[in-house]
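The lines below spell out each chain.
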There are 2 protein chains.
Amino acid sequence: MIPPSYGSYPSLSSTMAKSFIITLCFFLSALPHSTLASKARHFKWEVGYMFWSPDCVENVVIGINGQFPGPTIRAKAGDTIVVELTNKLHTEGVVIHWHGIRQFGTPWADGTASISQCAINPEETFVYRFKVDRPGTYFYHGHYGMQRSAGLYGSLIVEVADGEKDPFHYDGELNMLLSDWWHEGIHEQSVGLSSIPFRWIGEPQSLLIEGRGQYNCSLAAHFSNGSSTMCELRNRQCTPHILHVLPNKTYRLRIASTTALSSLNLAIGMGRKSFGSTEAGTNQIDRCGFKEVPHQLKCDLLADVAPSEWQPCLFNHKMVVVEADGNYVQPVAVDDLDIYSGESYSVLITTDQNPAMNYWVSVSVRGRHPQTPPGLTILNYHPNSASKLPTSPLPISPAWNDYDHSKAFANKILAAMGSPKPPPRPDRRIFLLNTQNKYNGYTKWAINNVSLVLPATPYLGSMKYRLKNAFDSAMPPDNFPSDYDVMKPPVNANSTLGGGVYMLKFNSVIDVILQNANALTENVSEIHPWHLHGHDFWVLGYGEGKFSEKDEKKLNLKNPPLKNTAVIFPYGWTALRFITDNPGAWAFHCHIEPHLHMGMGVIFAEGVHLIGNIPMDALGCGMTAKMTMNGPNP
Amino acid sequence: MIPPSYGSYPSLSSTMAKSFIITLCFFLSALPHSTLASKARHFKWEVGYMFWSPDCVENVVIGINGQFPGPTIRAKAGDTIVVELTNKLHTEGVVIHWHGIRQFGTPWADGTASISQCAINPEETFVYRFKVDRPGTYFYHGHYGMQRSAGLYGSLIVEVADGEKDPFHYDGELNMLLSDWWHEGIHEQSVGLSSIPFRWIGEPQSLLIEGRGQYNCSLAAHFSNGSSTMCELRNRQCTPHILHVLPNKTYRLRIASTTALSSLNLAIGMGRKSFGSTEAGTNQIDRCGFKEVPHQLKCDLLADVAPSEWQPCLFNHKMVVVEADGNYVQPVAVDDLDIYSGESYSVLITTDQNPAMNYWVSVSVRGRHPQTPPGLTILNYHPNSASKLPTSPLPISPAWNDYDHSKAFANKILAAMGSPKPPPRPDRRIFLLNTQNKYNGYTKWAINNVSLVLPATPYLGSMKYRLKNAFDSAMPPDNFPSDYDVMKPPVNANSTLGGGVYMLKFNSVIDVILQNANALTENVSEIHPWHLHGHDFWVLGYGEGKFSEKDEKKLNLKNPPLKNTAVIFPYGWTALRFITDNPGAWAFHCHIEPHLHMGMGVIFAEGVHLIGNIPMDALGCGMTAKMTMNGPNP
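Named according to an unreviewed UniProt entry, chain A is L-ascorbate oxidase-like protein originating from Cinnamomum micranthum f. kanehirae. Within the UniProt record for chain A, the comment given under Cofactor (unreviewed entry) is "Cu cation". Of chain A, the UniProt comment under Subcellular location (unreviewed entry) reads exactly: "Secreted".

Peer 1: Hey, could you go over the sheet that holds strand S17 (residues 327-334) of chain B for me, with residue numbers and the actual values?
Peer 2: All names here are of chain B. The six strands are arranged S10-S9-S12-S19-S16-S17 in an open sheet whose pairing can be described as mixed. Each end of this open sheet is capped by a strand with a single partner; those strands are strand S10 (206-209) and S17. Recorded for the sheet is a direction-independent mean angle of 25° between the axes of neighbouring strands. Where strand S12 (residues 250-257) and strand S19 (residues 344-350) come together, seven bridges link them in antiparallel fashion. In the strand pairing of S19, Ala-256 is matched with Ser-344.

Peer 1: Residues and numbers for the interface of chain B and chain A, please.
Peer 2: Listed as interface residues are 44 residues of chain B and, on the opposing side, 44 residues of chain A. Roughly 4,000 Å² of surface becomes buried between chain B and chain A when both sides are summed, with 62% attributable to carbon and sulfur atoms. For the interface between chain B and chain A, the tally reads four salt bridges. A salt bridge links Lys-626 of chain A to Asp-617 of chain B; the nearest nitrogen and oxygen atoms lie 3.0 Å apart.

Peer 1: Residue-level account of helix H2 (residues 186-193) of chain B, with values.
Peer 2: One turn of an α-helix holds 3.6 residues; hence residues three or four places apart share an orientation. Burial runs high along H2 of chain B: seven of the eight residues are buried. Looking at H2 of chain B, one finds that the buried residues are Ile-186, His-187, Gln-189, Ser-190, Val-191, Gly-192 and Leu-193 of chain B. Buried positions along H2 of chain B lie against strand S1 (40-52), strand S2 (59-64) and helix H2 (186-193) of chain A together with strand S1 (40-52), strand S23 (442-447) and helix H6 (593-597) of chain B.

Peer 1: Residue-level account of the relation of the copies chain B and chain A, with values.
Peer 2: Least-squares fitting of chain B to chain A yields an RMSD of 0.0 Å, with the superposition described by an axial translation of 0.0 Å and a rotation of 180°. With respect to symmetry, the two chain copies, as superposed, fit the operation of a two-fold axis. By C-alpha distance to the rotation axis, the residue of chain B lying nearest is Glu-92 of chain B, at 2.0 Å.

About the thresholds
Residues numbered from 1 in each chain as written. Chains lettered and ligands numbered in written order. Predicted model: local features only at pLDDT ≥ 70, side-chain atom pairs only at ≥ 80, totals over all residues. Heavy atoms only, no water. UniProt positions renumbered as here; feature names shortened; annotations may be inferred. Pairing = 2+ DSSP bridges. Helix = DSSP H or I, 4+ residues; strand = E, 2+ residues; numbered from the N terminus. Axes fitted to C-alpha atoms, helices over the stretch in contact; angles between N-to-C directions. Contact = heavy atoms within 4.5 Å. Buried area = accessible area lost by both parts, 1.4 Å probe. Salt bridge = Lys/Arg side-chain N within 4 Å of Asp/Glu carboxyl O. Buried < 20%, exposed > 50% of the residue type's maximum accessible area, 1.4 Å probe, protein only. Least-squares fit on C-alpha atoms with pLDDT ≥ 70 in both.

Listed below in structure tokens is the structure:
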């Protein structure tokens, strides 16, 4: 028996009566919140360390108001969010980044330490005030050191404004914030990354769904042929976040990934598709059915194999992707969903499977040889008990290194009809070569051979007030040597350190070609999800090898999706386009937390002369603090 | 075989020839440094986390320039120390307190976060510049959160000025910085202390001598009847810090304790005193000898017991205490030395034991039921190999709860002839009741029922610039209810929180009567070593129970020692007197790190109108940062 967690519901019940009431309440609360109407939404948050057991093993996590993950913010497009954040960490600064919110007119509220603001000191309060101008599935997270990895994150959900409608229908809504979890603390992790010899953080101990996972045991032990043990979930903090549904309804599943490292694949298991035959394996239709069901998974080749090897026709719940990173996309049905750190999606699922059963929802690792078991929870069809374990197998997920599957998925994400189109050509094109390097014996990531080191004074303030020597005045390069062989480890592994800024002309069109390459080890090239602050970009395309002129023609200028995070595949390139329409200093970086820590990012700045008055509280450090402090004579 | 550590010597040798050279070098370097002559001593320090194995178990420690403990500062009285400290912690602020240095004229260099300065932000540099006006044995340590417990400490040794002499002779000098060590990190420790339910940090895993200890094994396993295993010291970081000596010389042993928790007793073992008999146990003189040796230890009653129970006459190396907390004291010979966190002593030892042997130096826990084995190192008589383990037993130490022994020791420490005498009477007497309390379910320590919470803006700046509402304007009470029963747990366990300041008249005489009491648990009263910043105080006396008028007469106004740290014994009181001759804001607190963290301290301030210009770098936080920053119009 699994003690289920009912999301925000405080009480549990094992009786049907209570269970029904809870389920009913759930559905009421899951419907679009048409009663939310006010325009400013105030929150008072205290950020502090606390003991918590995200995967049943106790650790220290960073929580907000005693919660992990932090409270979900729900608002409507056009609202102003006001978060009064008090730092209750004992000796550490803190900031919070509102991932996907472009911060038009409020670049100081972007929540990036050393970039948009000074870290908030212990016992001090900073007020984040910004507009959520656009509906979508967002999240927030720490953006200082590796505090995101310590659990400083939560969901930020913006509904359509009153009177507006999403371009699709759904009956209820479910939320899944995904993350990965280590038992080693972030201080140890970050020291290891900055040590000689280099110590990698390793693969996560668990994957978390809504902050809940299970270490060293499995909810689905009965499917593992004895290789894992069933979880005894005595600890409420790690009971799975159950997804409660009614049969034959459509749900909007909001999915966001704030993993420190892991690329993920999400799938919702697995029912037998019924074609009139009631018994498994009795006829070809029941065992194959590919003609009737175009998106079938395991049955592709059934017609070609001997009947003795036929398998029952089992299918994941189909997901129809309708939103990516706060932008509507052309609806596309998939059997499973790739999601990289920094991305968010909405998918519609229809609860059209056998309602007598519950189903597995699984999250598994992509792109790295997994040493972490899938994160699991349960899609609970009403009126089944939430603690009734699914009897069908785990959902089908692609192999961790099936990059073709990933690329096919990435290429399926296209802008919805009526979305803004990219300008036909860029004013400037910046090539950014992603390499793993060495610097004085330290292992680094570098962009065009520069490994990012952030300055003590945040860029936004030092630019606005034209402070000299606050950061490298030299602009980093727009390109890399044309003879660089992206298929081989760097010939000269040494990079430089830098904190220079790409100064971008305001209201110009910028292309960024992210170019992947071989890491320090031969035949290794990693996935990097790149996230841009302050903007969305159009993803013009993904390609193999080194970007060349002939790839130009392949770029999609017709319906490229708008996103804020896009992946580069191993040895590949990704082409992005955006307009510099948002005065500020903006980070653009790999969203893998240890990679950023190792220098994998750049800074863009545009229209700094147009920035309004930066709140004093954002400037209380480094040279901006000293700027006008006349100590002796206040 | 123990690979010995030779202090700062990089190379080891097992050959006699090399060993001789090293030993020779050692003695040259250990002689008073008459070649040090310059007046300003510059240091560039980077403070950062690193992996280290203080007790053979790897942990993350805070190091300075890659060293743990931090580098030893050596200077001469009258010198100016300049430490350019760069914070290389990733997200934490940092400060360093120069323990025992009074900071006349430089109160902003006292290195207390929220009191004398803003914590130094990551990547920022703060310059500590202060005069060491007086010879003595000092140390430095972090004073923010629990960073001292993470290993942020080192020695600060001030020799007499050129042309001056110490009032005692010695041939060489040895240094022993003592600390205690936990395997749990400070973030976990401090979260536990601030959690409901309260989680105590527990007893330390090891005691460290010069940053070196051994966990789960003993150098002296052969004396433990199989209860512990011999250390295999493969890790250089935890090999003991050997004390190398020549026979028949006098050494100044500088001892300082920066423990987080532990009260310690130090003793140097144990030689057989020779009285002409060469064989153990053959005659009464060899077995007793108490008439010949007045400070004998185990033999007191030998004359009264049967010859079959006689024991060999073994004696610790005698220590003659000559300095306490940077003040010369009346020389007094002891067999072992109590030292509390925050204290320092110099003792003279004479290497008059059998030179064919090495001897144990042991450090053991006092005042708490020890769960931590003694810290050990070796007094290595030249020309014995440093790796030759002593064959004599461990030194004799008093029982952990032999408070009479401790009190006798404390009362032996008296001012040296010619020391300044205290004024005959105080201008103001402040009684400070030490209680353990609850606040909203949290476990706290409180002084006169106020548990100290430090403000976001350091006191020194907010006082100097008369900023309103920077801290509690109400002064905390000078006394506690006269009917408070110090022998019982508090009747009302609830304390208040506060950050008020004891405003002291400049150049006045202040008495502080520290009054101990029962903790929350019946029949428990703990030791607290109280440390005063910016001053020494005269320790007028220690007493039992509640201080009363009749105790007045017992105060020692003749030759009380000057110290900066003094202990209160369980259920006892300690009377201190000092002169408010140093403009500034000064912490006065229990030097047990978790106790301070739980609120066990007060703030004194005097002559704030006389403070010079505070360096801007000390003011870059809280209200002092905003004070004159006119963000929009720089």
